[in-house]
Amino acid sequence: MLGSSVEIRNVDKFFGDFQALDKVNLQIKRGEFFSLLGPSGCGKTTLLRIIAGLEYPDSGDVLFDGISVVSIPANKREANTIFQNYALFPHLTVFENIAFSLRLKKMSENEIREKVEKLINLVRLEGQENKKPIQLSGGQRQRVAIARALANEPKVLLLDEPVSALDAKLRQELLLELDNLHDQVGITFIYVTHDQAEAISVSDHVAVMNNGRIVQIGTPYEIYESPADRFVATFIGETNLMKAEVVDVNDEFIRVIAKGLGEFSCYKDKEVSKGDKILLTLRPEKIKISTKPLEGINSFHGVVEEEIYMGYQTKYFVRLDEGYILKIYKQHVNYLLDEKIIHWKDEVFVTWNPNDSFIVEVEKG
Amino acid sequence: MKYITAYTLWLVVFFVIPLIIILSFSFLEKTPYGGVNFSFSLEGYKSLLTIGYLRILWRTVWISIISTFITIIFALPTAYYIAKSKFKNFLLLLVVIPFWTNSLIRIYAWIFVLGNNGIINQFLKLIGLVDSHIQFLYNPWAVILVIVYTYLPYAIIPLYAAIERLDNSIFEAALDLGCSKRKAFFKVLIPNIKAGLVASIIFVLIPAMGSYAIPDLVGGVNSKMIGNEIARQLTTAKNWPAASAISSILTLITLLGVIIFVKSSKKEVLN
Amino acid sequence: MNPGKFSRLITFLILIFFYIPIFVVIMFSFNASKSPVWVGFSFMWYKELFTSSYTIWKAFLNSIIVAISASFVATVLGTLGAIGLYWGKFKGKDYIWIISYLPLIIPDIIIGVSLLIFFVFIKMKLSLLTIFIAHVTFSLPYALMIVFSRLQDFEYSIIEAAYDLGATEEIALFKVIVPISFPGILAAFFMSLTLSIDDFVITFFVAGPGSTTLPLKIYSMIRFGISPTINAISTLMLVGTIVMSIFMRKYLRYIF
Ligand SMILES: Nc1ncnc2c1ncn2[C@@H]1O[C@H](COP(=O)(O)OP(=O)(O)OP(=O)(O)O)[C@@H](O)[C@H]1O
Ligand SMILES: [Mg+2]
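Definitions and limits used
Residues numbered from 1 in each chain as written. Chains lettered and ligands numbered in written order. Predicted model: local features only at pLDDT ≥ 70, side-chain atom pairs only at ≥ 80, totals over all residues. Heavy atoms only, no water. Near = heavy atom within 4 Å. Polar contact = N/O pair within 3.5 Å; in protein donor to acceptor, adjacent residues only side chain to side chain. Areas by Shrake-Rupley, 256 points an atom, 1.4 Å probe, with all protein chains shown as cover. Helix = DSSP H or I, 4+ residues; strand = E, 2+ residues; numbered from the N terminus. Nonpolar A, V, L, I, M, F, W, Y, C, P; charged D, E, K, R; others polar. Contact = heavy atoms within 4.5 Å. Buried area = accessible area lost by both parts, 1.4 Å probe. Salt bridge = Lys/Arg side-chain N within 4 Å of Asp/Glu carboxyl O. Pairing = 2+ DSSP bridges. Axes fitted to C-alpha atoms, helices over the stretch in contact; angles between N-to-C directions. Buried < 20%, exposed > 50% of the residue type's maximum accessible area, 1.4 Å probe, protein only. Patch = residues over 30% accessible without salt bridge, like charges linked within 9 Å, V, L, I, M, F, W, Y side chains within 5 Å. Domains from an automatic or database assignment. pLDDT = per-residue confidence, 0-100. Phe/Tyr/Trp six-rings, centres within 6.5 Å; stacked < 30°, edge-to-face > 60°.

Caption draft 1: Looking closely at the site of ligand 1. Residue and element names in this part refer to chain A. Taken together, the neighbourhood of ligand 1 is formed by Phe15, Phe18, Ala20, Ser40, Gly41, Cys42, Gly43, Lys44, Thr45, Thr46, Gln84 and Glu161. Here Thr45 contributes a side-chain N or O atom positioned 2.5 Å from an oxygen atom of ligand 1. Calculation on ligand 1 without its partners gives an accessible area of 630 Å², and the protein chains cover 60% of this total. Elements with a minimum of two residues in the shell around ligand 1: strand E2 (18-28) and helix H1 (44-52). Taken together, the residues that form the shell around ligand 1 break down as four nonpolar, six polar and two charged.

Right, dumping it as structure tokens:
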């Protein structure tokens, strides 16, 4: 099996007056694990259904391997879908569900048997062949849905929140399995989810959507580390947002002044000039915290307002002297040997590297 | 779309068009041996404005309402008991059997029991209590009895379904909050099964309004209902416009009744 | 809340009320006398019913012919209609619901009278054919609603999944939709059968000479007065009903 590349060009979709998709453009490479990530109702399912051929774009084009497929109906398109609710055929056994598309192709009984068995091994459903969907657990149903879709030998597999109906632990397991499966079958996966952790952990590239628009496309590293705007910064992971005014600019760095913080330095990842108002994002795990004074350009002093112990790390909310409340995650490398355990109401020093903050919005001043 | 065409076409041709025909025939002139002349006339309606007709109309309404009322009064506790019973499947089957039993046979059973030659009268004669017979049937109350008997299962089943669906804990909460059982029945049960209650009332009231066989077989001359009059106009009197006019009025009454009833009960549910 | 003594008493009385007249009829179908005074056990009325009641059996045969053919047509059209209503995207679904609910709301007698006038108006001879048409008409909405309620148990995405896997419309219909709605289709068929066999009023108006059905025959017999033969027919029909009810219980969910 080999995947197709998928390209979406300027796709618009309206439901009545409501615009569900707004000039969507995407380029998905052959064999990639690509995620569409966004909050509920942002149009992910709609876009996926347009790729599957279950919905038609009002304008724009969908291309598989450079060839337009908008005129090809869903039953002829080389893309198959894992539906959000799996949509297994309730009257057919696991075997017959998987064999559905093979029977339509008029394959011989032996071929079908051989192929279905292979798929059953692939998704590890041995021994469940003769059960009806209603007799399966949620995780098993999902595997049947995957095997059924793969049986058709699609070049693109579309997955609509395939693990969202399962409990947290199973979700992790199946996600890992999906990742392995992707490596084995080598076709293009387009994966829809509203869970940023899922998207970041398995994808080659992620497109972040909001209100029917694509707001950023990049590797998980790129969208996490350098979010394109305020929405991406807050939707992916947790962050500290800081409004600041630029007071000095040099080649690589800028000096800013922010209410509640005071003056500090940042990396100049966008073109700004003196007097601009900017919005900065700074991930909580990038900040060092200690009871002793810390060395660094951006050093502040404050008091721990709240402490949340989470096992592998502790979350602190630190009120700086000038009033800003900074969110900080401290990993427990070795909890007991860590210099001194910081607690609620402790006075602390915090610092971060100017390279770790990013400018997400610029308002020319 | 194409799948529904045959269905829609059938209902339009054999249901909607016949309804339109009787509505239009009610405004035409009659011909002596059945049929109509295609000229406008209000005779069909005018002939209804007699004391006799108004009496039949009024009787139809009160018999139907009283029957419905009695039916619901008995259906409620029965449905409730079945829904909460350990043997609900069996009890439900006992209700469903009369529901599926041919309605003429159910009417006949009462004639057999209460008729002038029925077993009760035969028994009374045998023990010498009466000379010929006591007339139990052939009055409006016999009609009501048989209507209640016929439509009780129709009322019990939707009520049962509605009560079944209810979460038992709402009663427990009500009792816990100091409600008496009777209060819980009226303040908690009834408001929560409104849809089932509405369905039950409609399932009884409408067929009762359109009764034909029951008053025909167990009613006397003084308990004829609208249905019997429609049949008489159509067959013996051969007055099509009049039959059409009564039919149109009966249709209008039931439709308006259902619409107003469903609308007002919906409003109450929302409030 | 456990049901109280009051509701138990009422239920008990209602069940007695339901069954006493029926039991009396059954009992006297085995009476060895023509008058309703118990004299002794006998099968004589059954013997008479089976040997010398040609017209009753003719009527029974008519009923069966109409019931099976009308139920078949009503089920096919109702099923297709339900699928169209569930599957299709088109305007005017509301109107289809309205014309489906109207026959349930309008009293039977109106349906009978309007069909009679319609048939006479288009000069169609009253016969088994007109009875068949009438029975299809009043069964159709039930068939549609029963199948539709079964389809509603499934998400629309099942149909899309079939498409997605390469099915054409016909294959999605026959390999997926018809099989999953089959219990509903069967329930619709049996519901139509019972409605058809039970119907008196509508048939009364649209039947012509020589097209007497069993309920019409029973009606005319009742008009002549009570008779042990009617008791015997009633008993047999009751047995049929009980068997049918037990069988139908599995599908009751799609009927109410
Ligand atoms: N058939 C339809 N008719 C009208 N509006 C629709 C239709 N399908 C989707 N929408 C609207 O389009 C928007 C996007 O829907 P979509 O299902 O693509 O969201 P989503 O991103 O998949 O959300 P979720 O995460 O909740 O599944 C929503 O506001 C939805 O209400
Ligand atoms: Mg979705």
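There is more to say after this.
Caption draft 2: Spatial organisation of the interface of chain C and chain B. Counting from both sides, the interface comprises 88 residues of chain C and, opposite them, 86 residues of chain B. Summed over both partners, the interface of chain C with chain B comes to about 8200 Å²; 82% of that surface belongs to carbon and sulfur atoms. The interface formed by chain C and chain B holds two salt bridges in total. Among the salt bridges present, the one from C:Glu169 reaches B:Lys2, with a minimum N-O distance of 3.3 Å.

Caption draft 3: Focus on the sheet that holds strand E14 (residues 277-282) of chain A. Residue and element names in this part refer to chain A. Across the sheet, five strands lie side by side as E13-E12-E11-E14-E20; this open sheet has antiparallel pairing. A strand with exactly one partner marks an edge of an open sheet, and here the two such strands are strand E13 (262-267) and strand E20 (357-363). For this sheet, the mean angle separating the axes of adjacent strands, direction not counted, is 40°. Note that E14 and E20 share six bridges and pair antiparallel. Each bridged residue has a counterpart across the sheet, and for Leu282 the counterpart in E20 is Ser357.

Caption draft 4: The arrangement of the pattern of salt bridges in detail. Tallying each qualifying case throughout the model produces 26 salt bridges over all chains. Among the ionic pairs, A:Glu55 bridges to A:Arg49, the shortest N-O distance being 3.0 Å. For the pair A:Glu55 and A:Arg49, a shared accessibility class is recorded, and that class is buried. Between A:Glu361 and A:Arg230 there is a salt bridge whose closest N-O contact spans 3.3 Å. Remark: A:Arg230 occurs in helix H8 (residues 230-235) and A:Glu361 occurs in strand E20; sequence separation between them is 131 residues. On the basis of relative accessibility, which here comes to 33%, the residue A:Glu361 falls in the partly exposed class. When its relative accessible area of 36% is taken as the criterion, A:Arg230 is described as partly exposed. A cluster of three or more residues bridged by salt bridges with shared partners is formed by A:Arg49, A:Glu55 and C:Glu160.

Caption draft 5: Looking closely at helix H12 (residues 226-235) of chain B. In terms of residue burial, H12(B) counts as a mostly covered element, since eight of its ten residues are buried. Along H12(B), the residues that are buried comprise B:Ile226, B:Gly227, B:Asn228, B:Glu229, B:Ile230, B:Ala231, B:Gln233 and B:Leu234.

Caption draft 6: Main features of the pairing of strand E11 (residues 240-249) of chain A. Residues and elements named next belong to chain A. Summarising the sheet, E11 and E14 pair through six bridges and their orientation is antiparallel. Within the sheet, the bridge partner assigned to Ala244 lies in E14 and is Ile278. As paired elements, E11 and strand E12 (residues 253-258) share five bridges and run antiparallel to each other. The partner of Ala244 across the bridge, within E12, is Ala258. The hairpin turn running from E11 into E12, its antiparallel successor, is three residues long.

Caption draft 7: Up close: the pairing of strand E2 (residues 36-40) of chain B. Residue and element names in this part refer to chain B. Of the pairings in the sheet, the one linking strand E1 (residues 28-30) to E2 comprises three bridges and is antiparallel in character. Considered in E2, the bridge of Glu29 is made with Asn37. Hairpin connection of E1 to E2: five residues between the antiparallel strands, including Gly34 at a positive phi of 85°.

Caption draft 8: View of a nonpolar patch on the surface. All names here are of chain C. Where nonpolar side chains cluster on the molecular surface, the patch consists of Leu9, Phe12, Leu13, Ile16 and Ile20 and spans about 480 Å² of accessible area. On the secondary structure map, Ile16 appears in helix H1 (residues 5-28). Here Ile16 falls in the partly exposed class, since its relative accessible area comes to 37%.

Caption draft 9: Representation of the sheet that holds strand E3 (residues 33-37) of chain A within the structure. All names here are of chain A. Across the sheet, six strands lie side by side as E6-E7-E8-E3-E9-E10; this open sheet has mixed pairing. At either margin of the open sheet sits one strand with a lone partner, and together these are strand E6 (79-82) and strand E10 (213-218). Within this sheet the neighbouring strands show an average axis-to-axis angle of 20°, counted without direction. Sheet contacts for H1: E3, E6, strand E7 (156-160), strand E8 (188-193) and strand E9 (205-210); angle to E7, the most-contacted strand, approximately 155°.

Caption draft 10: Examining the domain arrangement of chain C more closely. Residue and element names in this part refer to chain C. Taken domain by domain, chain C consists of domain 1 (1-42) and domain 2 (53-254). If you average the C-alpha positions of domain 1 and of domain 2, the two centres end up 31 Å apart. Between domain 1 and domain 2, the contact holds eight residues from the first and seven residues from the second. Taken together, the two surfaces of domain 1 and domain 2 that pack against each other cover about 590 Å², and 74% of this comes from carbon and sulfur. Taken together, the links from domain 1 to domain 2 amount to zero salt bridges. On the surface where domain 1 and domain 2 come into contact, there are one residue pair in polar contact (both at pLDDT 80 or more). Looking at the side of domain 1 that touches domain 2 residue by residue, the class counts come to five nonpolar, two polar and one charged.

Caption draft 11: Summary view of the confidence of the model for chain C. Residues and elements named next belong to chain C. Averaged over every residue, the pLDDT of chain C is 89; residues scoring 70 or more account for 96%. No element of chain C has a lower mean pLDDT than helix H12 (residues 228-248), at 84, and none a higher one than helix H10 (residues 201-206), at 95. Across the interface, the model reports ipTM at 0.90; the global pTM reads 0.83.

Caption draft 12: Fine view of the interface of chain C and chain A. With 18 residues of chain C at the interface, the matching set in chain A holds 21 residues. In total, about 1600 Å² of surface goes out of reach between chain C and chain A, with carbon and sulfur atoms giving 64% of it. A per-residue breakdown of the area chain C buries against chain A is headed by C:Glu160, C:Asp164 and C:Leu165, which together make up 43% of the total. A:Arg49 serves as the salt-bridge partner of C:Glu160, at 2.6 Å between the closest nitrogen and oxygen. In this assembly, chain C and chain A are joined by eight residue pairs in polar contact (both at pLDDT 80 or more). Going through the elements one at a time, helix H7 (157-164) and helix H8 (169-180) of chain C are the ones with two or more residues in the side of chain C that touches chain A. If you tally residues by element for the side of chain C that touches chain A, the top one is H7(C), at seven residues. Classifying every residue of the side of chain C that touches chain A by side-chain character gives eleven nonpolar, three polar and four charged.

Caption draft 13: Local environment of the packing of aromatic side chains. Overall, the coordinates contain 49 aromatic pairs over all chains when judged by the stated rule. Relative to B:Phe14, the ring of B:Trp10 lies with its centre 5.0 Å away and its plane at 55°, an arrangement referred to as tilted. Of the two residues, B:Trp10 and B:Phe14 are both situated in helix H1 (residues 2-25); the distance of four residues between them amounts to about one turn of the helix. By relative accessible area, B:Phe14 is classed as buried at 15%. Taken together, a centroid distance of 5.0 Å and an interplanar angle of 80° make the contact between C:Trp97 and C:Phe148 edge-to-face.

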